Amino acid sequence: GGEGNEDGKGASSEHERRGASVHQPAPSGSGTPAGDGGEKKKPYLSKEWSEAQREKLLAILNKSVVDIEALQQVSWAGIPNDLRPICWQLMLGYLPRQASGWQDVITCKRKAYRDLLARHYDVSNSRRSEEELAILRQIAIDAPRTEPTVKLFGKSALQRSLIRILYIRACTHPSSGYVQGLNDVLTPFLHVFLSRVFPGEMGTWDVDSIHDDKLIDIEGDCYWCFCKLMDRVEDMYTRGQPGIRHCVETMEHLLKRVDQELSLHMEKEGLELLHFTVRWFNCLLMRELPFHLVCRLWDTYIAEGENFKPFVVFVALALLMTFSEKLQAMDFQEMILHLQKLPTQEWTPKELEMVLSEAFLWHTVFKDTKVVNKST
């Protein structure tokens, strides 16, 4: 698996180490399929694919100025686990394109996160407003429910991290504050940035043993990347969640155009997209997939750049259409049960790739039309 580097050295030293192996075969065991997430399933994406993808990415990353568009194009198809942290940080704009500036930015941002903790989190409750106390209470209730299939997030060190990051973001972004579901949206960042420190499979990571100082550094990286991603979907989480309402409306129009039979069947049974897609969009679809595929999904989301929000609608559409035939044979009650717990637990990267390529196809067809561009 990926080797555990002393994270204090930051991305550039890690990058220099990795850069040395561009023309050498990848270290044994590092050919994990993209988005593998350390699960024990039979890899679908071959070692050859992973190494070819790594070569392409390293060719882009090893330049003194990184071409972000080229990075997005290659990353869209998935990023090998060990290169994921640096690729995400660059595509989200957390790191500058100039490699020479990476270390300074990381040091500066981690210090800024510590300052935010001192100002907002490490204060007595008597100094918090009623609203801040309510937010903190809600986050503390939600944190233990985060991604229950993954034991990692239930460990006490990560529970503290989740609460701190979500609370700081709510304090610094009062228009969206905290919305239930954001605790799940944060988890891919924690997983990916922790993978730099812990080798091997996620189930073996002893996060409670990590030094507090190191954990706060990882938290800082997570916080800033989480904020950058959230900036692209901010109105999905502001009061009344207008962005989510817009996603549902767009999806309704699209479904009528691309799968009329399913659309008519749902209408006949009285099933509306609103009945199940609000939850889908609230967690950006991650709760509908097994966690080992979520980071692979995030590769594509992050590579979409400013198109991220409209693209999520097409992923939801493609996901729904995967089950179109089954759904058309069901009544209202059966459909609701099916859609509230999609049978994706056994999915491998192969099924996700199908959904993503279908989403890409429909996005290409509709991206310049009124259906998608109505006040996206």
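Residues numbered from 1 in each chain as written. Predicted model: local features only at pLDDT ≥ 70, side-chain atom pairs only at ≥ 80, totals over all residues. Heavy atoms only, no water.

**Student:** Help me out: how do you make sense of the overall build of the chain in this one?
**Tutor:** Helix and strand counts for the chain stand at 18 helices and zero strands. Per-residue burial for the chain yields a buried fraction of 57% across its 376 residues. (Helix = DSSP H or I, 4+ residues; strand = E, 2+ residues; numbered from the N terminus. Buried < 20%, exposed > 50% of the residue type's maximum accessible area, 1.4 Å probe, protein only.)

**Student:** What exactly am I supposed to notice about the nonpolar core here?
**Tutor:** Nonpolar side chains tend toward joint burial in soluble globular proteins. Among the nonpolar cores identified, the biggest contains 126 residues, and F189, W280, F281, W298, Y301 and L320 are the most heavily contacted of them. In terms of residue count, the dominant contributor to this core is helix α14 (residues 308–322) (twelve residues). (Core = buried A, V, L, I, M, F, W, Y, C linked by side-chain atoms within 4.5 Å.)

**Student:** Teacher, can you tell me more about the packing of helix α12 (residues 274–282) against helix α16 (residues 332–340) here?
**Tutor:** To describe two helices that pack against each other, one gives the angle between their axes and the distance between the axes. Their axes nearest at 10 Å, the elements α12 and α16 cross at an angle of 5 degrees. With respect to each other, α12 and α16 are oriented roughly parallel. Side by side, α12 and α16 meet where H275, F276, R279 and W280 of the first sit next to F332, I336, L339 and Q340 of the second. (Axes fitted to C-alpha atoms, helices over the stretch in contact; angles between N-to-C directions. Parallel < 35°, antiparallel > 145°, perpendicular 65-115°, else oblique. Contact = heavy atoms within 4.5 Å.)

**Student:** Just checking my understanding: could you explain empty space enclosed by the protein for this structure?
**Tutor:** Any space left empty among the atoms is revealed by the rolling of a water-sized probe across them. Tallying each qualifying case throughout the model produces two cavities of 30 Å³ or more. Taken as a whole, the second largest cavity holds about 40 Å³ of empty space. What lines the second largest cavity is simply L285, L289, L297, V315, L319, W347, L352 and V355. Those elements that place two or more of their residues in the lining of the second largest cavity are α14 and α17 (349–366). (1 Å grid on protein atoms, 1.4 Å probe; cavity = no way out; pocket = protein on both sides within 12 Å on 5 of 7 lines; lining within 4 Å. Points joined across faces, edges and corners; volume = space filled by probe spheres on them.)

**Student:** Just to check I follow, could you spell out the side chain of T300 for this structure?
**Tutor:** Structurally, the position occupied by T300 is in helix α13 (residues 291–303). For T300, the side chain forms a polar contact with the main-chain oxygen of W76, separated by 2.7 Å. Apart from residues no more than four positions distant in its own chain, T300 is found in contact with W76, F311 and L356. (Polar contact = N/O pair within 3.5 Å; in protein donor to acceptor, adjacent residues only side chain to side chain.)

**Student:** Help me understand the packing of aromatic side chains in this model?
**Tutor:** Two aromatic rings are characterised by how far apart their centres lie and by the angle between their planes. Applying the stated criterion across every chain yields a total of 14 aromatic pairs. Measuring from centroid to centroid gives 6.2 Å for F323 and W347, while their planes differ by 15 degrees, and the two rings are stacked. You can see F323 sitting in the loop between α14 and α15 (324–328) and its partner W347 sitting in the loop between α16 and α17, a full 24 residues away along the chain. Take F323: its relative accessible area is 6%, and that puts it in the buried class. Sitting above the plane of the F226 ring, R169 keeps its charged end 6.0 Å from the centroid. (Phe/Tyr/Trp six-rings, centres within 6.5 Å; stacked < 30°, edge-to-face > 60°. Lys NZ or Arg CZ within 6 Å of the ring centre and 35° of its normal.)

**Student:** What exactly am I supposed to notice about unusual backbone geometry here?
**Tutor:** Most of the time, phi is negative for any residue but glycine, and the peptide bond is trans. If you check the backbone angles, Q241 has positive phi at about 45 degrees while not being a glycine. Following the sequence through the fold, Q241 ends up in the loop between α9 (212–231) and α10 (242–258). Here the phi dihedral of L285 falls at roughly 75 degrees; this positive angle occurs in a residue that is not glycine. Position of L285 among the secondary structure elements: in the loop between α12 and α13. Residue classification places L285 among the buried positions, given a relative accessible area of 1%.

**Student:** Just checking my understanding: could you explain the packing of helix α8 (residues 182–194) against α13 for this structure?
**Tutor:** The N-to-C vectors of α8 and α13 enclose an angle of 95 degrees; their axes lie 10 Å apart at closest approach. The pairing of α8 with α13 is recorded here as roughly perpendicular in orientation. Touching V185, T187, P188, F189, H191 and V192 of α8 are F291, V294, C295, W298 and I302, all from α13. Across the contact of α8 with α13, the residue classes break down as nine nonpolar, two polar and no charged. (Nonpolar A, V, L, I, M, F, W, Y, C, P; charged D, E, K, R; others polar.)

**Student:** Would you take a moment to explain α13 for this structure?
**Tutor:** Structurally, the α-helix is built with 3.6 residues per turn, so residues lying three or four positions apart point the same way. The terminal C-alpha atoms of α13, which comprises 13 residues, lie 19 Å apart, in line with the 18 Å expected from a rise of 1.5 Å per residue. Most of α13 is tucked away, with 13 of its 13 residues classed as buried. (Expected span 1.5 Å × (residues − 1).)

**Student:** Is there a simple way to explain α16 in this structure?
**Tutor:** Here α16 has its buried residues at M335, I336, H338 and L339. Projected onto a plane normal to the axis of α16, the buried residues spread over an arc of 165 degrees and lie on a single side. Of the surrounding secondary structure, the elements contacted by the buried residues of α16 are α11 (260–269), α12, α14 and α15. Two to three positions downstream of the cap, the backbone nitrogen of Q333 sits 3.3 Å from a side-chain oxygen, assigning the N-cap of α16 to D331. (Arc of directions from axis to C-beta.)

**Student:** When you look at the environment of P199 in this model, what are you seeing that I'm missing?
**Tutor:** Relative to the helices and strands, P199 is located in the loop between α8 and α9. Separated by 117 residues in sequence, P199 and D82 place their C-alpha atoms 9.9 Å apart.

**Student:** What's the story with the pattern of salt bridges in this structure? I'm lost.
**Tutor:** Note that side chains of opposite charge can pair when their charged atoms are close. The full count for this structure, using the stated rule, is 16 salt bridges. R114 serves as the salt-bridge partner of D217, at 2.8 Å between the closest nitrogen and oxygen. Of this pair, D217 sits in helix α9 while R114 sits in helix α5 (residues 102–121), and the two are 103 residues apart along the sequence. Exposure remark for R114: the relative accessible area of 27% places this residue in the partly exposed category. One salt bridge connects R145 with D142, and the closest N-O pair in it is separated by 3.4 Å. The class of D142 is buried, set by a relative accessible area of 3%. Look at the salt bridges and you will find they share partners, linking R110, R114, D213, D217 and D221 into a network. (Salt bridge = Lys/Arg side-chain N within 4 Å of Asp/Glu carboxyl O.)

**Student:** Sorry, what's going on with the environment of R296 here?
**Tutor:** Locating R296 in the fold gives a position in helix α13. In this structure, the C-alpha to C-alpha distance between R296 and N81, residues 215 residues apart in sequence, is 9.2 Å.

Read these as geometric descriptors, not functional statements.
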